[in-house]
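Chain and residue survey
Listed here are the chains, written in short residue letters.
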Amino acid sequence: MNPGRGRPSADDLLVLLAVGRTGRFVSAAEELGLNHTTVSRRIAALEHDLGGRVLTRVAGGWDLTDLGREALGAAEAVHAAVRALDRGGQDRVLEGVVRISSTDGFSGYIAAPAVAEVRRRHPGISVELVTATRRESRQRSGLDLEVVVGQPQVHRAEALRLGEYCLRLYGSRGYLAEFGRPGTVDDLERYPLVYFIDSMLQVDDLDLAPAVVPSMRESVSSTNVFVHVEATRAGAGLGLLPCFMADRHPDLERVLATEVVVRLSYWLVARHETLRRPEVAEVVAAIRARVERCRDELLGNVGERS
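Small disclaimer: the values here were computed from a predicted structure and weren't measured.

1. Looking at the overall build of the protein chain
A tally of regular secondary structure across the protein chain gives 12 helices and 11 strands. Among the 306 residues that make up the protein chain, the fraction classed as buried is 49%. Excluding contacts between residues fewer than 6 apart, the proportion of contacts in the protein chain whose partners are at least 24 apart in sequence is 78%. A total accessible area of about 14,500 Å² is found for the protein chain, and carbon and sulfur atoms account for 48% of it.

Shown next as structure tokens:
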């Protein structure tokens, strides 16, 4: 660490740990049972003792400086030691809050079941799932893990490839019976498309997906993939849908199954120091295991669909 003016307080290090995890003084104060002013004062005292800034202001909160990341390692050691004392020498118990941002479909069908398994093994771990379809954050303030579509460009973070999934065109049985089934890709110009709102789509790989069906006109558009599925089931048009979501519904049938296939990838992004936390590592392992178990579903290889 940089030369400081005194030995940092263990209490101040624990406050830094809370701010580093939540990205906000108010959230850290709630987690620690303190008030916002006390958190601010503790951080100021820590910076005085270390002789430099440990936090820097970013959009929506606070992020760690290089010095702050060094101090965070000490803070994690203090936290682990305190928890060991609280347990009175008993076997290690994992606990803490893990905050995840991921897409709607991944959150519902991959992350939620995975963290439920973690909770059964480690009731002390709680998980907060924030659904968002967006690029990876430049600053991961307040988040432990992010799951994004497409390979991310990260700085001071680690990107782990989770696996691939496929999008295909689907129509409801009722819709196809009424309007007919397209026989070729050229026929698709007669059909409306259910997909993301083009002007609000932030993910480059998802933005490229409609290139496989450029002649289709927009029908119902949404930022939420569950809306895509339900709008397609309701007969709003043909939906470009993740197979692992659409194949769960027997009233949806694939259209031009071999001609229209979009293959994308899920990636997990986290800070290096975050991945060292035992409770985070447990959640990451559970997510990766579920992705592997669901590989055929994600690629749309389970059973034969029309």
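2. Some thoughts on the pairing of strand E2 (residues 61-64)
Bridging between strand E1 (residues 55-58) and E2 involves 4 bridges; their strand directions are antiparallel. Residue pairing across strands places arginine 57 opposite tryptophan 62, the latter belonging to E2. Between E1 and E2, which pair antiparallel in sequence order, lie 2 residues; one of them, glycine 60, sits at a positive phi of approximately 85°.

3. Focus: the environment of threonine 223
In this structure, threonine 223 sits in the loop between strand E8 (217-221) and helix H8 (225-233). The spatial distance from the C-alpha of threonine 223 to the C-alpha of alanine 132 is 8.8 Å, given a sequence separation of 91 residues.

4. With respect to the pattern of salt bridges
As enumerated under the stated definition, the model contains 20 salt bridges in all. Where arginine 161 meets glutamate 164, a salt bridge forms, and the shortest distance between an N and an O atom there is 3.0 Å. Several salt bridges converge on common partners, so that one network encompasses Asp63, Asp66, Arg69 and Arg271.

5. Quick word on helix H1 (residues 10-22)
With 13 residues, H1 should reach 18 Å at 1.5 Å per residue; the first-to-last C-alpha distance of 19 Å fits that figure. Counting buried positions along H1 yields 11 of 13 residues, so the element is predominantly enclosed. Just downstream of H1 lies glycine 23, where phi reads positive at about 80°.

6. Some words on the pairing of strand E3 (residues 96-102)
Among the 7 residues that make up E3, 5 are buried, leaving the element largely enclosed by the rest of the structure. A crossover links E3 with its parallel partner strand E4 (residues 125-131), the connecting element being helix H5 (residues 104-121), and its sense is right-handed. In the sheet, E3 pairs with strand E5 (residues 145-149) via 2 bridges, with the strands oriented parallel. What sits directly across from serine 101, in E5, is glutamate 146.

7. Re unusual backbone geometry
Even without being glycine, leucine 256 reaches a positive phi, approximately 50°. Assignment of secondary structure puts leucine 256 in the loop between strand E10 (252-255) and strand E11 (261-270). Since its relative accessible area comes to 9%, leucine 256 is described here as buried.

Basis of the calculations
- Residues numbered from 1 in each chain as written.
- Predicted model: local features only at pLDDT ≥ 70, side-chain atom pairs only at ≥ 80, totals over all residues.
- Heavy atoms only, no water.
- Helix = DSSP H or I, 4+ residues; strand = E, 2+ residues; numbered from the N terminus.
- Buried < 20%, exposed > 50% of the residue type's maximum accessible area, 1.4 Å probe, protein only.
- Contact = heavy atoms within 4.5 Å.
- Areas by Shrake-Rupley, 256 points an atom, 1.4 Å probe, with all protein chains shown as cover.
- Pairing = 2+ DSSP bridges.
- Salt bridge = Lys/Arg side-chain N within 4 Å of Asp/Glu carboxyl O.
- Expected span 1.5 Å × (residues − 1).
- Right-handed = clockwise from strand over helix to strand, strands pointing away.

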